[in-house]
Amino acid sequence: ASCWIDLGFVLLQASEILKLALILYLATWLTSEKKIEFKKFLFIMAIAIGPVILQPDLGSAVLLSSTAMAIYFISGAPLWQFGSLIAMAVSAIVMLAISAPYRLARVKTFLNPDLDPQGASYHVRQILIAIGTGGWFGVGLGKSRQKYAYLPEVTTDSIFAVIAEEIGFVGCTVLLVIFLLFIMEGIKIARGSKDEFGQLLASGIIIALAVQMLVNLGAMVALLPLTGVPLPFVSYGGSSLIVSFTMVG
């Protein structure tokens, strides 16, 4: 996958910047349009998300699509249009998931984690070992064993598995409660906005971060197929962290 642009002095992940840009654009467009046209929205979606799919980066494409659809729904779009969007999005995800061999392998290992333990299901099995090893209170900060050569992407996609191993179920529960309080505060800000633009902007931002949290954490506990989406404010990565802080600001 070609997900980064090398500027020489920094690696830039364009899909992270696109996330904020798309939210700003949709909030502005849907506020200014007297009559929202479904075809225009589909065109904007295709222009924004098409290049992300071609990288290929299905995880970011799902995140962007979910956020855009939520903003469109909140703006007052008819239910039949929203239902059509969901049907098209699900169909597209299924087609993309089975069209590439490595994506199809992830789906198969999601349905059967015991399939190919040294190959396609290796990552998710190592994640579950890390989480299971943590028990109630964890093995102690800095004492994770899985992060040493066993668990792939320990600082980014799999960071929650390391956290679970080191601080256990109780520590992870505290982290999840913090995430929940963060999302509730975002919803409160969105509902308290005095104009439509502010409502759509705040809603889009909190939905984008909430969906990203859900996709990452769902993959870490094998409730969703594994995909390369960072955990906001926790995973290592400059582009993700800067854009997340910008969105909160």
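As shown above, the structure is provided for reference.
What this report covers is the structure whose coordinates are included nearby.

What to know about unusual backbone geometry
(1) Moving on: That bond from Gln55 to Pro56 is cis: its omega, -5°, falls within 30 degrees of zero.
(2) Moving on: Structurally, Pro56 is set in the loop between helix 2 (38–54) and helix 3 (58–74).
(3) Moving on: Within the chain, Glu153 stands out as a residue other than glycine whose phi angle is a positive 55°.
(4) Moving on: Note that Glu153 resides in the loop between helix 6 (122–134) and helix 7 (159–192).

Points about the nonpolar core
(1) Moving on: The biggest cluster of nonpolar side chains holds 30 residues, and the ones touching the most others in it are Leu22, Ile23, Leu26, Leu30, Phe41, Tyr72 and Met247.
(2) Moving on: Mapped by element, the contributors of at least two residues to this core are helix 1 (14–32), helix 2, helix 3, helix 4 (79–99), helix 8 (196–220) and helix 9 (238–248).
(3) Moving on: The residues contacting Leu30, other than those within four sequence positions of it, are Ile36, Ile71, Tyr72, Ser75, Glu196 and Leu200.
(4) Moving on: Counting residues in hydrophobic clusters, the runner-up holds 18 residues, among them Ile159, Ala164, Phe179 and Met213.

A few points about the layout of surface pockets
(1) Moving on: What the largest pocket holds in volume is close to 1,300 Å³.
(2) Moving on: In terms of lining, the largest pocket is formed by 40 residues, of which the most central are Asp57, Gly59, Thr227, Gly228 and Val229.
(3) Moving on: The biggest single contributor to the lining of the largest pocket is helix 9, with five residues.
(4) Moving on: Looking at the lining of the largest pocket residue by residue, the class counts come to 25 nonpolar, 10 polar and five charged.
(5) Moving on: Empty space within the second largest pocket amounts to approximately 390 Å³.
(6) Moving on: Lining the second largest pocket are 19 residues, and of these Phe160, Leu176, Leu217, Gly218 and Val221 sit closest to its centre.
(7) Moving on: Breaking the lining of the second largest pocket down by element, the ones donating at least two residues are helix 7 and helix 8.

Calculation rules
Residues numbered from 1 in each chain as written. Predicted model: local features only at pLDDT ≥ 70, side-chain atom pairs only at ≥ 80, totals over all residues. Heavy atoms only, no water. Helix = DSSP H or I, 4+ residues; strand = E, 2+ residues; numbered from the N terminus. Core = buried A, V, L, I, M, F, W, Y, C linked by side-chain atoms within 4.5 Å. Buried < 20%, exposed > 50% of the residue type's maximum accessible area, 1.4 Å probe, protein only. Contact = heavy atoms within 4.5 Å. 1 Å grid on protein atoms, 1.4 Å probe; cavity = no way out; pocket = protein on both sides within 12 Å on 5 of 7 lines; lining within 4 Å. Points joined across faces, edges and corners; volume = space filled by probe spheres on them. Nonpolar A, V, L, I, M, F, W, Y, C, P; charged D, E, K, R; others polar.

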